Amino acid sequence: MTAAKKILIVNLTRFGDLLQTSPAIAALKRRHPEAAITLMAEKNFADVCDGIPGIDRVYRVELDRVGKLMLDGGAHLVEAYRYVEQVIGELRAERFDLALNYSSSRMSAVFMGLLEIPDVRGWSMTPDGLRVIRHPWSRLFATMCLNRRLASFNLVDYYCAMTDELAGTGSLRYEVTPEAAARAGEVLAEMGIGADARVVALQLGASRAIRQWPEASFVGLGRALADAGFRSVVIGGGSDRPLGDRVVAGIGDAAVNACGKTGVGELGAVLRRAAALVTGDTGPMHMAVAVGTPVVGLFFGPASPFDTGPYAGDHVVIHSGAPCAPCDHNVTCLEPFCRDELSPDRVAAAVVARVAGDWAELESIAGTLAPARVYRTGFDSGGRFLATPLAAPPRRREDALRDAYRASFLHVLEGVPLPQPVPLGRSPGRPTVPIAPFVGLVELAREGLTQAGRLAQLARAKQPRIAEIERIGRELEVVDRTLKEHGGMHPDTNVLVQMFTFGKENLEGDDVATLAVETARLYRDLARTADCMTALLGGVAAKEEESDARLHQ
Amino acid sequence: MSELQSGNMTVLAERAPALATRIAATRVPATHVLGTTASGLPTLALAGVPMQHLTSPVADAERWARSTVERLQAVAATRVVIVGFGLGYHLEALAARFAGVIAVVEPDLAVLRLALASRDLATLLARVEIVAGDPAAATAGHPAVAAAGDSALATAADPAAATAADPAGDAAAGGRTLVLAHAPALLVPNGAYRRVLRAWQAQAARSGLRLKVLVVTPLYGGSWPIAGYAARALTELGHETHLLDLAPFHDAFQGLERFGARKANRRVLESGFCDVMAAGIAATVDALEPDLVLALAQAPLNASALDAIGKRGVLRALWFVEDYRVMTYWRELARHYDHVFTIQTDACLEAMGQVTDARLAYLPCGFDPRVHRPLVLDAAERADLGSDVSFVGAGYRNRRLAFRRFLDCDFKIWGSDWGGAEGLGRAIQRNGARIDTDDAIRIFNASRVNLNLHSSTYHEGVDPRGDFVNPRTFELAGSGAFQIVDRRTLLPPLFTGEELAIVDSVAAMREQTDYYLAHEDERLALAERARRRALAEHTYVRRMENLLAAVVGPAQEQLLAKRRTVTVGDVARDGEGSLQTFLGQFDPHTPFTIDRLAASLANREGALSEPEAIFLFLHQFDELYLREHRA
């Protein structure tokens, strides 16, 4: 890839997601050192971008305004139209040569399609209005969003992979300005938190109630921390203030309520000042990571430590052990018992141990928190995020699948060697994952590969046999339909089928030969990945050479 | 001609020469009397009614103008039509305060002649547009009025031909029109001004507003299809129409029988069911916020639902397409409506007037040309559905008795409720199954003679005092089918004997049947004339025009003050370039909503234009962020 001169990053989500973009920005800077990077963010969340290194310009888009205009309706819809038209015009005029869309939504796909940028990665749109997901890691991310319990990569690693550069920064990044630090100090001092106080920050709220630890649990935590000599500083926005007041009242003098008293910069400074942050999967969690403050994350509901866990080493995530966790993003749980399984005292003990850097004690505490699992964050040898369980909890079926998928995709997409197959079989204490569905998938993919190869040959002929081409096209339709049914019948394999399906949706153009070759590649990748899964789960060596040979027949 | 009059006429002649000529030629009747105030200002009285304040006409006119401007501002009107010129005091005061277009409707040319003869109106004549009582007097000489539409021809007697309130003009000019009266004119004994005011208000409100109308069907019955026809007609007239079709609940209603309840309990159940339906309708109104709810007869609305709807400021109209003597629920419900339309006149309106303050009006049934139309049938259809003589309808007592006389013909009876009809069995088709509309139209077309005997539960043949005209009369005519119909007192204004074969007795119906079976040409000629008449006068579009004229005329300010649905036409007017091109593909009346625009993109092929892609983006934005909020 040639070096880009002007790069646009689109991230229309919340401020935590913007912080999670920071390693990708660093990666882009390494790969395109001369490039000017513009980050487009929603105006209400964009302030955080001012502290993220490497951004040359923040383009603040007023989606709030668009929403108000659309809710007003009528002629205001024209105003919304004109505003979007203006934004598109301004961005087109910049003549970006590379764009990365980190907002995985149809809305952002349409937007990217409008920008006329030659190299767009992530969700975009064809001129005909069809969604495409450009870049295999973006497709993998979209796939894993539909198969959350098997998601094995951190969001930040997807972002970084889309830059074609490894993260390598080891953390999110946010620079607290001296002014913000001074203002934060004043805010804390006004509340009676002196420079020598031992402080733990508590983030009570979350974007959804199901991600939120109960109020009474936070009170119990605060009291236990007070007993251990910590002051609690409750952080959050203005809307969290009533909740903060109630929790502070419950904890007593050891706690203060800073909700609504800090802007983004001051929040970073307050968190930097704290010995630790106790939080759900929230924006402030990512801020704490970015400023280097240890996090004890309490992950409930849809939160998963594997895909949005604190992106740096040596943070702690306590994840619900409920068999249904993590739940899907799009469901509403009517009985969120997972939030009630943690003892505030044990969480406090974990906080104290983490502040002390006592990982042996944390191992010990982890054993007492079952069925919840405690993870220590870190990175693999390739610099990708890993959440490693403490206290060696029993390995579950989804753990085996998650690990196998991680290794398989790293192998197929990045060429990372497969680990030695570990025969899981019927070994005591090992989960059993049937490999027959993966074997079946390999066979289907090879059938598709064979047909697509023949199609490519026929299409390249000087006098193509149309009837034969059409016949093979129909056979490929049958293969694809069977693949989808296979994924539905065998959910363990659905990740591969979904990834393949996104890939098929990505095929553009009307040259049959080219499309056939591209299709063959998709079947080949599917066969390879399924082969890897078979090998990793069943202890059988992958048959890659054979798959490759078929592609070139 | 005085110097004063000459000066006025010169100004008028420059703008409207034909009108000036006609005014000059108009004779002033003795009922029109000029006078003067104590201070010497001219005054005018018509049949003894003063057209201005008798002592302080200028100050009084200014008071009127101030309040009028407030009313105009309240509804953001940019144009006003004033009925009544008088001597122009009020118009001068209004012109000094209102910057918009002022059109004056004056049905009496003699008033204009006297005004021009008694006061210096040169400035006023240059400012306002005059719409006179004669089409020729209101021609192209009034550019401002003409600018509001594509024709400058305006007549006070027929506002539909005038343009000050023309819908296209309204949209093109980007404003709203309010029609008001110069109050003294309404007191003139012959009522001419009052009639003109009503007609103009109705026209202005009807055409200048795109109403949101909720049409409510009954669960079943003869008025159910009429609801659909009415809704379609309202849509054709450019209104945003929503049909609340309650037919899907009919099975549930019939399912109440499964409880096997005693009669009294059964009534309780049915009443409870109807209460649920009424609450559902009220909830629909709450969600939809229409301007008008039009309920067809037997729509399950009860008093509390109607009152709740009324409290929301929604107009309530009932089209009672029933015989008021047979169906009497109007006694309880009519007073909960703002308007009741009936298919009967005198005695019916009088009876209803005793129980309700609602506005009452006669509105006969009609037909839908898209449904009721001539069809070319194939041989199989003719064999199945055709006959020399046919009847489509329910087996009422008088029909059971009357139709026995036709059994020696090639006679087919179609429809339900014929069980136990002695002797008719051979003629009854499909075992008395209900006939759907499509088949009914085919039967009309396949039959040489269609009998149309109005129902009666207590006559043996023709009801000698029958008044209303049934829907079948219009539907047969619209289908180009020949019919023999029993005489109805309300039939003559609708159809004549040149269009339908009209009979006074069953015996005559039998005789006419033989005659017309033997006289093919005459039969076809009558059917053709009936169809032409029906198309010209009896479509549901015409009926809805009349209904809306009655409903919205008196409520024009209330309706204008409400927030209107913005249409594509409204915004396309201001659009430029690619946006306007995109919007140009839509009917201008299409509501300008993201859902409607996005729906047009659903099945399109090929590259998206930029406006299409931007609206697609906004649609996705709406789905992602706003749908839940809006709900």
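Residues numbered from 1 in each chain as written. Chains lettered and ligands numbered in written order. Predicted model: local features only at pLDDT ≥ 70, side-chain atom pairs only at ≥ 80, totals over all residues.

## Some points on the overall build of chain B
The condition is simple: Under the DSSP-based scheme used, a helix requires at least four consecutive residues in state H or I and a strand at least two consecutive residues in state E, with every element numbered from the N terminus. The burial criterion counts other C-beta atoms lying within 10 Å of a residue's C-beta, which is placed from the backbone; the residue is buried at 20 or more, exposed at 12 or fewer, and partly exposed between these limits. Whether two residues are in contact is decided by their C-beta atoms, placed from the backbone, lying within 7 Å.
The helix and strand tally for chain B stands at 28 helices and 18 strands. Looking at the 631 residues of chain B, the share that counts as buried comes to 47%. Restricting to contacts in chain B with at least 6 residues of sequence separation, those with at least 24 account for 64%.

## Considerations on the overall build of chain A
In terms of helices and strands, chain A carries 21 helices and 14 strands. Looking at the 553 residues of chain A, the share that counts as buried comes to 52%. Sequence-distant contacts, at least 24 apart, represent 64% of the contacts inside chain A between residues at least 6 apart.

## Considerations on the environment of B:Gly7
Residues and elements named next belong to chain B. Structurally, the position occupied by Gly7 is in helix α1 (residues 3-15). On the basis of neighbour count, Gly7 is assigned to the partly exposed category, with 16 C-beta atoms found within 10 Å. Spatially, the C-alpha atoms of Gly7 and Ala117 are 9.4 Å apart, while their sequence positions differ by 110 residues. With near-sequence residues (within four places) excluded, Gly7 lies in contact with Asp120 and Ala122.

## A short note on the sheet that holds strand β18 (residues 501-503) of chain B
Residues and elements named next belong to chain B. Stated formally: Any two strands between which DSSP finds at least two bridges are classified as paired. Fitted lines through C-alpha atoms serve as axes, helices being fitted only where they are in contact, and the angles separating the N-to-C directions of these axes extend from 0 to 180 degrees.
If you trace the five strands from one edge of the open sheet to the other, you get β15-β14-β16-β17-β18, paired in parallel fashion. A strand with exactly one partner marks an edge of an open sheet, and here the two such strands are β15 (411-414) and β18. For this sheet the average axis-to-axis angle between neighbouring strands, irrespective of direction, equals 25°. Of the strand pairs in this sheet, strand β17 (residues 483-486) and β18 are connected by three bridges, and their pairing is parallel. Across the sheet, Val485 pairs through a bridge with Ile502, a residue of β18. Lying on the sheet, helix α20 (residues 471-478) is in contact with β16 (447-452) and β17; it crosses β16 at an angle near 160°.

## Quick look at helix α4 (residues 89-97) of chain B
Buried residues of α4(B): B:Tyr89, B:His90, B:Leu91, B:Ala93 and B:Leu94, and no others. Considering only its buried residues, α4(B) is in contact with α3 (57-74), β4 (77-83), β5 (101-106) and α6 (122-127) of chain B.

## So, the sheet that holds strand β7 (residues 176-181) of chain B
Residue and element names in this part refer to chain B. Strand order in the open sheet made by the four strands is β6-β5-β4-β7, with parallel pairing throughout. Sheet topology places β6 (129-132) and β7 at the edges, where each strand pairs with a single neighbour. Averaged over all neighbouring strand pairs, the angle between strand axes comes to 25°, with direction disregarded. Both β5 and β6 contribute to a ladder of four bridges, which runs parallel. When the sheet's bridge partners are listed, Glu106 is paired in β6 with Ala132.

## What about the interface of chain A and chain B?
Keep this limit in mind: Under the scheme applied here, ten amino acids are nonpolar (Ala, Val, Leu, Ile, Met, Phe, Trp, Tyr, Cys and Pro), four are charged (Asp, Glu, Lys and Arg), and all others, including Gly, are polar.
Across the boundary between the two partners, chain A contributes 23 residues, which contact 22 residues of chain B. Listing elements by their share of the side of chain A that touches chain B, those giving two or more residues are α3 (63-72), α4 (76-93) and α5 (106-114) of chain A. Residue composition of the side of chain A that touches chain B, by class: 14 nonpolar, six polar and three charged.

## What to know about the pairing of strand β10 (residues 292-296) of chain B
All names here are of chain B. Threshold: Seen with its strands pointing away from the viewer, a crossover is right-handed if its path from the first strand over the helix to the second goes clockwise.
The element β10 is largely enclosed, with a buried count of five among its five residues. Here β10 shows two buried faces, one formed by Leu292, Leu294 and Leu296 and the other by Val293 and Ala295. Note that β10 and strand β11 (residues 315-320) share five bridges and pair parallel. Along β11, the bridge assignment pairs Leu294 with Ala317. One crossover worth recording links β10 to the parallel β11 by way of helix α14 (residues 303-311), and it is right-handed.

## Quick look at unusual backbone geometry
Most of the time, phi is negative for any residue but glycine, and the peptide bond is trans. Following A:Ala325, the chain continues into A:Pro326 via a peptide bond in cis, with omega recorded as -5°. Positionally, A:Pro326 belongs in the loop between β12 (316-319) and α14 (344-356). Here the residue pair A:Ala370 and A:Pro371 is connected by a cis peptide bond, since its omega of 10° sits within 30 degrees of zero. Along the chain, the position of A:Pro371 falls in the loop between α15 (359-368) and β13 (373-379). Phi at A:Glu116 takes a positive value of approximately 60°, unusual for a residue other than glycine. Position of A:Glu116 relative to the elements: it lies in the loop between α5 and β5 (120-125). With a phi close to 70°, B:Gln298 is a non-glycine residue in the positive phi region. Note that B:Gln298 resides in the loop between β10 and α14.

## Notes on α1(B)
Put simply, the test is: Under the convention used throughout, the expected extent of a helix is 1.5 Å for every residue step, that is, one less than its residue count.
Between the first and last C-alpha of α1(B) there are 19 Å, a value that for 13 residues agrees with the 18 Å anticipated at 1.5 Å per step. Packing partners of the buried residues in α1(B) comprise α2 (17-25), α5 (109-118) and α6 of chain B.

## A look at the confidence of the model for chain B
All names here are of chain B. Our working rule: Per-residue confidence from the prediction method is given by pLDDT, with values spanning 0 to 100.
Mean pLDDT over chain B: 88, with 91% of residues reaching 70 or higher. Segment residues 134-174: pLDDT under 50, and 108 contacts once partners within four positions in sequence are set aside and those in other chains are kept. Per the prediction output, this complex has pTM 0.69; the corresponding ipTM is 0.90.

## A closer look at the packing of helix α11 (residues 264-273) of chain A against helix α12 (residues 283-291) of chain A
Residue and element names in this part refer to chain A. For clarity, the threshold we go by: Crossing handedness is defined as follows: a turn of the near helix away from the far one that is anticlockwise and smaller than a right angle gives a left-handed crossing, while the clockwise case is right-handed.
Look at α11 against α12: their axes get within 9 Å of each other, and the N-to-C directions meet at 65°. As for how α11 packs across α12, the hand of that crossing is right-handed. Within the contact between the two elements, α11 uses Leu267, Gly268, Leu271 and Arg272 and α12 uses Pro284, Met287, Ala288 and Val291. A breakdown of the residues in the contact of α11 with α12 according to their chemical character gives six nonpolar, one polar and one charged.

## A look at the pairing of strand β9 (residues 240-244) of chain B
Residue and element names in this part refer to chain B. Looking at chain direction, strand β8 (residues 212-216) and β9 are connected through five bridges and run parallel. Pairing of Val213 across the sheet is with Thr241, part of β9. Read from β8 through helix α11 (residues 223-236) to β9, the crossover connection turns out right-handed.

## Some details on the environment of B:Thr68
All names here are of chain B. Here Thr68 shows up in helix α3. On the basis of neighbour counts, which here come to 20 C-beta atoms within 10 Å, the residue Thr68 falls in the buried class. Distance in space between the C-alpha atoms of Thr68 and Arg97 is 9.5 Å, their sequence separation being 29 residues. Sequence-distant contacts of Thr68, defined by excluding residues within four places in its chain, comprise Leu94 and Leu180.

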